[in-house]
Structure formats: structure tokens, C-alpha cells
Amino acid sequence: MNKKFVLGIYDDEDVLLTAIENVRAAGTKIYEVFSPYPVHGIDDVLGIKRSRLPIAAFFFGLFGTSFALWMQIWMLGFDWPMIIGGKPHIALPSFIPVTFELTVLCAAHGMVITFFIVTKLKPSTKVPVFDKRSTDDKFVMAIEVKDGVTDLAALNDLLRTNGAIEVNQKEVLK
């Protein structure tokens, strides 16, 4: 299925941030903004909600901590108890390194897997590139065009009056 987009191309991040505010205030829904580097404050201007990935990381880390402690207590306390240097079977201070490592391992792997699932990224996913200059020195604002609904002339004027140096149309296979 092909989708049509109008691309506003900008060469300054401050102009882009102002343009995003004005385009959203005009009631136009922005599909995506592409940038050659992270722009401070663009999430707030686009109205993107804060990610819940840290909550998932906390629970994956909690799982890693619980699993590490359970594993060590079971192995050294019940399954194969050994007296090493006169220490008790369940010596929590000696469990700290393994517990820390499993906490970090589970949190990191859990976050990566969760990120791939939520964003629907797969090794076979081909991400469309709207304008190759967005990886070098330009900022690109993509607005989806809906047939019969979007007024292209008004959209072109809106983007140009808000500092776009170019306004292009592109059809992308989605």
C-alpha cells in the first residue's frame, strides 16, 4: 500500500521547532520529523509522551535480582551445601557480584526485546528514507496526505511560511 507525504525541508533546528509548533497549532497532524542529530526539546514540541521503557527495565531488573538470589540460595543452601572457609551456607554478601550481573543482564536484554516488540522492528524491516539529506545536514518534516481531505496548496503555503526551504511530495510503500 502506497502512502503520500508532503515533506518540508528545513536547514535550521530553531526554525524547525517553531514550524512544528505552528503546524500543530494550525491543526495539521505531523507524521514524523527526521533529523541528522538529536534535537533538544523536539519530543515536547511534537507532543510525544514519555516512554514507559524505564518501568519495564525496573521489572526486568527486579526479575534478574530475584532470580539470582533464588538461584544462589537454592544451589549453595539446599541443593549442594558446602562449607567454604567457615561461612554459612547462605552468605548474602558473597552473592552481591552475581546478583548485580544478573540484574544488569536481565534489564538490558529485557529492554532491548521490549523495544523491538513495541516498535515492531525486525531484521527484515525496511525503513523508508524520505530524504537522504536528513542523514547529513537537513531536517525533514513529513505530513501524510489523505486523498480528498488534505489541501496541498494550503499545506505548501503553511510549510513555506514557517521557514521550509523546500516542499516536496513523496510516495512511500508502507
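Keep in mind the model is a prediction, meaning the values are calculated, not measured.

**Student:** Sorry if this is basic, but what is going on with the overall build of the protein chain here?
**Tutor:** The helix and strand inventory of the protein chain stands at five helices and four strands. Along its sequence from the N terminus, the protein chain presents helices and strands in the succession β-α-β-α-α-α-β-α-β. The C-alpha atoms of the protein chain give 25 Å as radius of gyration, which overshoots the globular expectation for 174 residues (16 Å, by more than 25%). Referenced to the eigenvectors of the C-alpha coordinate spread, the extents of the protein chain come out at roughly 80 × 35 × 30 Å. Taken over 174 residues, the protein chain has a buried fraction of 29%. Here the protein chain displays about 12000 Å² of accessible surface, and carbon together with sulfur accounts for 63% of that area.

**Student:** Help me understand a nonpolar patch on the surface in this model?
**Tutor:** On the surface, Phe 63, Phe 67, Trp 70, Trp 74, Met 75, Leu 76, Phe 78, Trp 80, Met 82, Ile 84, Ile 90 and Leu 92 cluster together into a nonpolar patch covering about 1300 Å² of accessible area. For the nonpolar patch, the leading source of residues is helix α3 (residues 53-79), giving seven residues. In this structure, Leu 76 sits in helix α3. According to the relative accessible area criterion, Leu 76 is partly exposed, its value standing at 31%.

**Student:** Quick question: what am I supposed to make of the sheet that holds strand β4 (residues 166-173) here?
**Tutor:** Strand pairing in a sheet relies on backbone hydrogen bonds, with the paired strands running either antiparallel or parallel. Taken together, the four strands give an open sheet; going across it, the order is β2-β3-β1-β4, and neighbouring strands pair in antiparallel fashion. Each edge of the open sheet carries a strand with a single partner, namely β2 (32-34) and β4. Ignoring strand direction, the axes of neighbouring strands in this sheet form an average angle of 30°. Note: strand β1 (residues 2-10) against β4, eight bridges, orientation antiparallel. Each bridged residue has a counterpart across the sheet, and for Phe 5 the counterpart in β4 is Lys 170.

**Student:** What should I look at first to understand helix α1 (residues 13-25) in this one?
**Tutor:** Three- or four-residue spacings in an α-helix give side chains the same orientation, since the helix completes a turn every 3.6 residues. Relative to the 18 Å expected for 13 residues at 1.5 Å per residue, α1 spans 18 Å between its end C-alpha atoms, a close match to the ideal helical length. Among the residues making up α1, those that are buried are Leu 16, Leu 17, Ala 19, Ile 20 and Val 23. Projected down its long axis, α1 carries its buried residues within an arc of 165°, all on one side. Buried residues in α1 make contact with β1, β2, α2 (42-46), β3 (139-145) and α5 (152-161). At the exit of α1 stands Gly 27, carrying a positive phi of roughly 90°.

**Student:** What is the right way to look at the domain arrangement of the protein chain in this model?
**Tutor:** Frequently, the measure chosen for interface size is the accessible area that the parts lose on association. Split into domains, the protein chain comes out as domain 1 (3-49 + 125-172) and domain 2 (53-118). Domain 1 and domain 2 are separated by 45 Å when their C-alpha centres are compared.

**Student:** So what exactly am I meant to see when it comes to the packing of α3 against helix α4 (residues 92-119) here?
**Tutor:** Between two packed helices, the angle of one axis relative to the other and the distance separating the axes together describe the packing. Put simply, α3 and α4 touch, their axes get as near as 7 Å, and they point 145° apart. Classified by chirality, the crossing of α4 by α3 is right-handed.

**Student:** Which parts of the structure should I look at to understand the nonpolar core?
**Tutor:** Proteins that are soluble and globular tend to have nonpolar side chains buried together. In terms of nonpolar packing, the biggest core is built from 22 residues, with Tyr 10, Leu 16, Ile 20, Val 33, Ile 42, Met 141 and Leu 159 touching the most fellow members. Elements supplying a minimum of two residues to this core: β1, α1, α2, β3 and α5. When residues in this core are grouped by element, the largest group, five residues, is from α1. For Val 33, the residues in contact, after removing those within four places along its chain, are Leu 16, Ile 20, Ile 42, Leu 46, Val 140 and Met 141. Membership of the second largest hydrophobic core comes to seven residues, among which are Phe 5, Leu 7, Phe 130 and Val 172.

What counts and what doesn't
Residues numbered from 1 in each chain as written. Predicted model: local features only at pLDDT ≥ 70, side-chain atom pairs only at ≥ 80, totals over all residues. Heavy atoms only, no water. Helix = DSSP H or I, 4+ residues; strand = E, 2+ residues; numbered from the N terminus. Rg over C-alpha atoms; globule rule 2.2 N^0.38 Å. Buried < 20%, exposed > 50% of the residue type's maximum accessible area, 1.4 Å probe, protein only. Areas by Shrake-Rupley, 256 points an atom, 1.4 Å probe, with all protein chains shown as cover. Patch = residues over 30% accessible without salt bridge, like charges linked within 9 Å, V, L, I, M, F, W, Y side chains within 5 Å. Salt bridge = Lys/Arg side-chain N within 4 Å of Asp/Glu carboxyl O. Pairing = 2+ DSSP bridges. Axes fitted to C-alpha atoms, helices over the stretch in contact; angles between N-to-C directions. Expected span 1.5 Å × (residues − 1). Arc of directions from axis to C-beta. Contact = heavy atoms within 4.5 Å. Domains from an automatic or database assignment. Left-handed = near helix turned anticlockwise from the far one by under 90°. Core = buried A, V, L, I, M, F, W, Y, C linked by side-chain atoms within 4.5 Å.

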